[in-house]
Each structure stands twice: as C-alpha cells, then as structure tokens.
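Next come the chains, spelled out residue by residue.
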Amino acid sequence: MNFDLTEEQQMIRDSIARFVQDDYDWDTRRAIAASDSGMSDKAWSTFAELGWLSIPFSEEDGGFGGNIVDTMVIMEEIGKGLIVEPYFPTVVLLGGLLKRAGNEGQRSALIPGIIDGSVLGAFAYLERQSRFEMADCLTTATAEGDSYTINGEKTVVFNGMNANKIAVLARTSGSQSDREGLSLFVVDADAEGVSRIEVPMMDGQRCANIRFDNVKVSADMRLGTEGGAMETVESLVREAIIALCAEAVGCMGTLNAKTLEYTKTREQFGTAIGSFQSLQHRMVDTMIAYEQAKSLLFKAVCEFKEDPASADLTINALKVLIDRNGKQVYGEAIQMHGGMGITDELDIGHYAKRLMMIITSFGDATYHRAQYAAKAYAA
Amino acid sequence: MDISFAQEDLAFRDEVRTFFDEQFDDELVSRLKSEDFKEAIVDWQQRLFKKGWIAANWPVEYGGTGWTPTQKYIYESERSARGIPGVIPFGIGMVGPMIYQFGTPEQKEKFLPGILNSEVWWCQGYSEPGAGSDLASLKTKAELDGDHYVINGAKIWTSYAQYADWIFVLVRTSNEGKKQEGITFILVDMKSEGIKVNPIIGIDNEHNLNEVEFNNVRVPVENVVGEVNKGWTVAKALLAHERTGIADVAQSKRNIRLIKEAAAKEINGGRPLIEDPGFQARIADLEIEIMALEFTDLRTIAAMAAGGFPGPESSLLKIKGTELQQATQELRMELAAYYQGVLPKYMSEEDLGHSFGPEARVSYMYGRASTIYGGSNEVQRNIIAKYVLGLE
Ligand SMILES: Cc1cc2nc3c(=O)[nH]c(=O)nc-3n(C[C@H](O)[C@H](O)[C@H](O)COP(=O)(O)OP(=O)(O)OC[C@H]3O[C@@H](n4cnc5c(N)ncnc54)[C@H](O)[C@@H]3O)c2cc1C
C-alpha cells in the first residue's frame, strides 16, 4: 500500500502550482473571467507548452500516457488555483470520449489539436428535461446515406461558447430514456444549423445552450457504434466525477487554508477571532471534512486504476461526501469571513460557487445516495 | 392552550388578504424584479402608508398601526407567504423609533413625516472595516467646531447607501473611559460635502452594499439624537427593534411550498422528484423544523401579548430562523440543478430552459448574509450563553 505520488506526478503538481503562483493570481483570474471570452488564450498556450493538455492521452496518440492519478493531480491543482480555462470540458470530456470510442482516424484528427491547444472541446449531453439522467435524450440523429442529420437542443453545455468541437449525444433509435439507441457525434461548432445562446455561469464558466437545426454530420464523425453510446458515456462519467471531485478537494483545501489564515489575522474584541473556541472547533470540523473527502477520492482513484467499473459504488459515495462536506467547508469559510465573505471581490465566494457547480454536475447527493442505496442494498 | 384566532383576528386577516389582492398587483411585482426596484418599493410603501399600515411597530400617536402582537403576526405571515417584500428597515424599522424615543420635538417634526411616507430613504452607518461584531470599537470620529460636528472616517457594508437621502451614523466623540462611552448617534444628510459612496458588489453579483467615506463632513449639532457620548444606549435600543420578526418563518414556509410545486414538475429518470424518497426526506426534515419554529415564534408572541418584551430569547429566533431560511434556499438551489449557476438574472425562460434558477441563486447567495448581519449567529449564541444560560 502506498499513497505517494510518483516523481513525475509531483513535477506536474509543482509546475501547475508554480504557474498559479507566478502567472495566475486572484486579480489575473478575475480579469480573465470578466473578459469577453472568459478564458485566457495565453494561459491556454502555456498549458499546451507545458504538456498538461497531453497528459491523459496514450503515447500512440501523441500523449504523455498518464492515468487517473495524473488527472487527479492536475484537477486538484486546477481547483486550488480556481483555473477557469476549459481543461475539464476539453481534455477530460471531449478527450475522454475520443480515448474511449474514437477510431484511429478520429483520434488522429482531433487529439493532436487538443494537445497543441487548437481544439477547444465540449460535450453536449444535458437537455431541458433530463436533469441527471444521461440517457434521457430527445435530440435525434437521423441517418441518410453516409451522413446524419441532428436536431434538438442541449443546455448549459460546459465551454459551449468557446468550443470549436462539440461532442453531441443524440438518439438514433428508441424512445426518450432508453439506454439503447444513443450515439455520439463530433460536430464543428461553426457547422450550418448550430446556434448558440451564451449562458454565463456564477463560477466563471461560459456555458451555452446549443440548438441543432438539421445539422449534417458525416458518419465518419460518429464516435463508436450506432446506438451503443451509453456504455462510453457511463465510462466517461466515472472519470469525469473523479476529476471534478479532485478539483473540489483542491477548492476545499484552499478555502480551509484561507479561512484559517483570516481567523488568525482578523481581530475583534481586541483579539484574533481564531482565538474564539466556538470558531476553533468548527475549523477542526472543516479540516476533518476535507481529510475525509480526500480519503474517499483516493479510494475511488485506486479502484478506478485497477478496474474502472469496480469504482462505481465508491464514486457514488464520493459524490455524496463532496456534496455534504463541500457545503460545510464553503459555508464556514463565508461565515467566518463575515461581511468580507459576502463580497464579489474576495475569492472565497468564487471558490464556493465553483464547488456548488461541481456538487450539482453529474448528479448531486440526493441522486448519488439513491444510486448508492440501489446498488448496495438491493435484495 | 389554544391556537385558534379570535373572531376579530380572522376579520383582520381577511382585510389584509383583500388589501394585498388589490394592491400588490402584477405590474408592481414585475417592477420590483427589474432595474426599477427603488421606485417600485417606494411606490409599494406609499400604498401601505395611505392605508395606515406602514409602521406596525410604532406607537399610534406617531402614526403606528396600534396592532396587537397577534395582528402583527397575521400581517407578517400573509405578507411573507405571498413573497411581498418587507418594508425597507432603515427608516421605519430603525431610525424612526430612535427619533420618537430619543429625539427632540424639532427632530420628530422634521424627520418622522418623511420616514412614514417613504419620501426620504435612510441607510445605517454602523459597521466599519475594523468594527463589525465588535461595534463599540468604531473609530469614525466627530469633532466639535462651533455649532457643527466635523466627521472623518469610513463606514462599510452600508446597505442601499446608493439610494439614500440620509444616513444615521455612530461616531466617536470621545476617547475617554470605556469604548462604549464616547459614541454618539447622529443624522447626516447624504448630500453633505465630503461624503463619497463606493459600491461593493456582493456574492450575489448585485449592488446592495457600499462603503461610505466621510471627509471633513460638517453636520449641525442639532442632528445628534439622544445625548452626546450616549449613542451606545440608542444603538442598543435599536438592536432590539432590529430583532423582531427576524425568524421569518413565513418566508421559509413559502420556499418550501415553491420547492414542492417545482419538485412535482422536475422529472428525473421518468419520475417526479417529489416522489423520490431521498428528496422527500430532505423536504420533510426541513418542514418539521419549520413547524416547530413557527410555534416557538408563536410562544414569543404570546408572551409579548401578555406584556413581556422579547429579551435575549429573540436570539433563538434569529439563529434558528436564519439557519432554516438558508436550508430552504439551499434546497431550492439543488432543485434547480445545473441551472442554479446561471448568472443573468433576466434571461428568459424560453432561452434558458428553466424558470427559477437565477432567482434561486440570488436568494441563496444573498441569504448567506443573514447569519452574519443583525448580530452574527455566533454573537447571538454568545448572548444566549451569557444572558439566558448564565455561562460566563
Ligand atoms: C449583506 C449585509 C448587509 C449589511 N448591512 C449593513 C448596514 O446597512 N449597515 C451597517 O452598519 N452594517 C451592515 N452590515 C454589517 C454587519 O453588521 C457586519 O458584517 C457584522 O456585524 C459582522 O461584522 P464583520 O463583517 O466585521 O465580521 P467580524 O466581526 O469580523 O466576524 C467574522 C467572524 O467572526 C465571528 N465572531 C466575531 N466575534 C466573535 C465572538 N466573540 N465569538 C465567536 N465568533 C465571533 C463572526 O460571527 C464571524 O463569523 C451588513 C452586512 C452584510 C453581510
């Protein structure tokens, strides 16, 4: 048993931490989030130059050959620095779909672009009615000769505004919530019939609601088999949840550290507020909440590394714990900062908002607790 | 032990309902949600003023309603249940009572009418960057120069200062003795030379808060309310007013109702969320606490009706009330799922694909402040520990 990072993993971690420290301080991050595109092209090229965009891809695909531990390390640092650039939608989501279901032609057409930073990706899965049920899909793709025609609407698509390549989940057969009959396509964002409405989010992300009106896509751009996408999607969601939970752990650790620092320096009644025992005990509790979340993250990562499907129950558990403990950590951070915690200027509220979005993405505690119970207590 | 309302209370409730039905119209509702907020809320307050219902807590001789505690309770419940905003507290709820309680006849004549008819907008200049929970350590100073005080310093977290015509301020007029002893309560015209208002954008992305700077602001001595150096007595009296009605059980009940309505429409995996046992358990846990708090509130009201005055016990209502408000706001956010993060407040439902996400966000994010302002919940717990439980 060993929970240490390899030397390479430590190097990745340190290089992101150094980037955040030198080039991505809070004022920079604020300015980037407030800019027109909500991301920095300069930062994105740096990510490409430093090789971060290549990490989870195999060496045959031109990548670094990293595994889930590497992804965890990167995402945790992204969480600490509150990096708003679309690493998750591009590398983890679009890249993850290509890794899983892309044929050689598709991989060689798209992965080099992800690695060099020219491809910005998105995965359009959510629909107005679908909530957390990935298979609940009304968007259709109709085959005609060697192409498909896509019709429908996807909502709150992460990185939807900036993406130039969008993976779309669409129904090629079956009815609304059938697991069978779903297929995946990669569509150019500027293809005819694609229209986007910007949906800016509280955590700085530029999401989009995307309409597909008779969008033609060549059959070459179908990822995986026709009708068999759900397996790919479920496999992707495992990794996506682990990645987001790693980011959440990064946010939580930073919130705890900043709050601790604040309570040591903020004085009221002639003394640091950190000297009040009522606050001390609650800070002990947020520290425990963080450690517990980190432990379950490690467990999920270890299981996933052995055999992704074996991590399923732990991933449900992890999502439940991140929900509960994440809320506890950001709630206390805001409360203990008093009025300062209620401002947009301070970073505390922004970490909270990122955590809130992570908590709801791919299912919140209510959803995952039910999934957990169904698996663990089924007769 | 009896919870039924008397006949005249039921008649009063009908009158309140009729008034709200007639006066709180759709046009007003949409204006309150728009950029037009200030004009809309003043308009609403003036409708209440015309009806004679603007000042529930004032004595009748100054224009109050003369309502019994039960009537106040009925009024507040009916108001909150409909999502009707409360009267902006700074004039009617705060400075008005200080003026009729501690002010000179001239001050009463000059200020009370504008407060009652909502023509003058007030804000509260208490907190400073270095003086929050420990308010008495405030440093903004006022020095006597002939028949004027000259004020220098800065106030922070001043709600709605951008709209305000006047501000009531706690200033330091002496450094002798205990820190509570050199504080004075003074009224300042926001148009005075040397006042600068700097906006603070909140965690809800709205502009409600401000910093107010005072640079050699000259204020006539007759604007002091109460005695010079005795402002702490006034400030404490004000806090008692601030705490009544703080539990706002009706608001939480309304949120629960909205959650249940929305959860019946929100489908997950082919089933409405309201039928999901996990979600049901979440709502039930909240409803049970709210049910209890409603009776805790009623017990306080009954004690007041019998002639008592809410003492440190009102801290209990503040703590539990705000915690339950936050918990219901949180559940509403969860219900909105991904849409809880949507930033633009006025995005149409057609474009967005969701009806209440942004509204849930604003109320949840701003709601984080309810456990911080009005005496933080930590400070309230300290009060109960010391004055109710006798722990020192
Ligand atoms: C939305 C909003 C609106 C406001 N509007 C106004 C306004 O209009 N006018 C105005 O004057 N002020 C206003 N305030 C200010 C408010 O009254 C202060 O924020 C509050 O008094 C807390 O002070 P602080 O922010 O300096 O926090 P601090 O006092 O620094 O407190 C920081 C943390 O330490 C805790 N703490 C402090 N002392 C103790 C203790 N002894 N034991 C245990 N814990 C303790 C607090 O509870 C808090 O969690 C507003 C604040 C907010 C958030």
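Reading the values: rules and limits
- Residues numbered from 1 in each chain as written.
- Chains lettered and ligands numbered in written order.
- Predicted model: local features only at pLDDT ≥ 70, side-chain atom pairs only at ≥ 80, totals over all residues.
- Heavy atoms only, no water.
- Near = heavy atom within 4 Å.
- Polar contact = N/O pair within 3.5 Å; in protein donor to acceptor, adjacent residues only side chain to side chain.
- Areas by Shrake-Rupley, 256 points an atom, 1.4 Å probe, with all protein chains shown as cover.
- Patch = residues over 30% accessible without salt bridge, like charges linked within 9 Å, V, L, I, M, F, W, Y side chains within 5 Å.
- Salt bridge = Lys/Arg side-chain N within 4 Å of Asp/Glu carboxyl O.
- Helix = DSSP H or I, 4+ residues; strand = E, 2+ residues; numbered from the N terminus.
- Buried < 20%, exposed > 50% of the residue type's maximum accessible area, 1.4 Å probe, protein only.
- Domains from an automatic or database assignment.
- Contact = heavy atoms within 4.5 Å.
- Buried area = accessible area lost by both parts, 1.4 Å probe.
- Nonpolar A, V, L, I, M, F, W, Y, C, P; charged D, E, K, R; others polar.
- Pairing = 2+ DSSP bridges.
- Axes fitted to C-alpha atoms, helices over the stretch in contact; angles between N-to-C directions.
- Left-handed = near helix turned anticlockwise from the far one by under 90°.
- 1 Å grid on protein atoms, 1.4 Å probe; cavity = no way out; pocket = protein on both sides within 12 Å on 5 of 7 lines; lining within 4 Å.
- Points joined across faces, edges and corners; volume = space filled by probe spheres on them.

> Got a minute to help me understand the site of the ligand in this structure?
In the vicinity of the ligand there are 29 residues, among which A:R266, A:Q335, B:S133, B:S376 and B:E378 approach most closely. The backbone of A:Q335 places a nitrogen or oxygen atom 2.7 Å from an oxygen atom of the ligand. Between B:S376 and the ligand, the recorded distance is 2.6 Å, taken from a side-chain N or O atom to an oxygen atom. When the free accessible area of the ligand is taken as 970 Å², the share hidden by the protein chains comes to 94%.

> Explain a nonpolar patch on the surface to me, please; I cannot follow it from the model alone.
Residue and element names in this part refer to chain B. Residues Y387, V388, L389 and L391 make up a contiguous nonpolar surface patch of about 430 Å² in total accessible area. In this structure, V388 sits in helix α13 (residues 377-388). The class for V388 is partly exposed, based on a relative accessible area of 38%.

> Can you walk me through the domain arrangement of chain B in this structure?
The figure often quoted for interface size is the accessible area lost as the parts come together. Residue and element names in this part refer to chain B. Under the domain assignment used here, chain B contains domain 1 (7-87), domain 2 (122-229) and domain 3 (247-387). With 12 residues of domain 1 in contact, the opposing surface of domain 3 contributes 13 residues. Of the roughly 900 Å² buried between domain 1 and domain 3 on both sides combined, carbon and sulfur atoms contribute 56%. At the boundary of domain 1 and domain 3, one finds zero salt bridges. When grouped by side-chain class, the residues that make up the side of domain 1 that touches domain 3 number three nonpolar, five polar and four charged.

> Looking at this structure, how should I read the pairing of strand β1 (residues 122-125) of chain B?
Two faces make up the sheet, and in a regular strand the side chains alternate between them. All names here are of chain B. The alternating pattern of β1 places W122 and Q124 on one face and C123 and G125 on the opposite face, and all of these are buried. In the sheet, β1 pairs with strand β4 (residues 166-172) via four bridges, with the strands oriented parallel. The partner of G125 across the bridge, within β4, is V169.

> Got a minute to help me understand the packing of helix α10 (residues 314-336) of chain B against α13(B) in this structure?
Each packed pair of helices is defined by two parameters, the angle between the axes and the distance between the axes. All names here are of chain B. One can describe the packing of α10 onto α13 by two numbers: an axis separation of 9 Å at closest approach and a directional angle of 145 degrees. In this structure, α10 crosses over α13, and the sense of that crossing is left-handed. Contacts between α10 and α13 pair S315, L316, K318, I319, T322 and E323 from the former with N377, Q380, R381, I383 and I384 from the latter. Across the contact of α10 with α13, the residue classes break down as four nonpolar, four polar and three charged.

> Would you mind showing me how to read the layout of surface pockets here?
Rolled over the atoms, a probe sized like a water molecule indicates the empty space that remains. Its boundaries defined by the atoms lining it, the second largest pocket holds a volume of some 910 Å³. Of all the elements in the fold, those that place two or more residues in the lining of the second largest pocket are α9 (312-336) and α11 (365-376) of chain A together with α9 (277-305), α10 and α13 of chain B. Broken down by element, the lining of the second largest pocket gets its largest block of residues, nine residues, from α9(A). Looking at the lining of the second largest pocket, its residues break down into eight nonpolar, seven polar and 17 charged.

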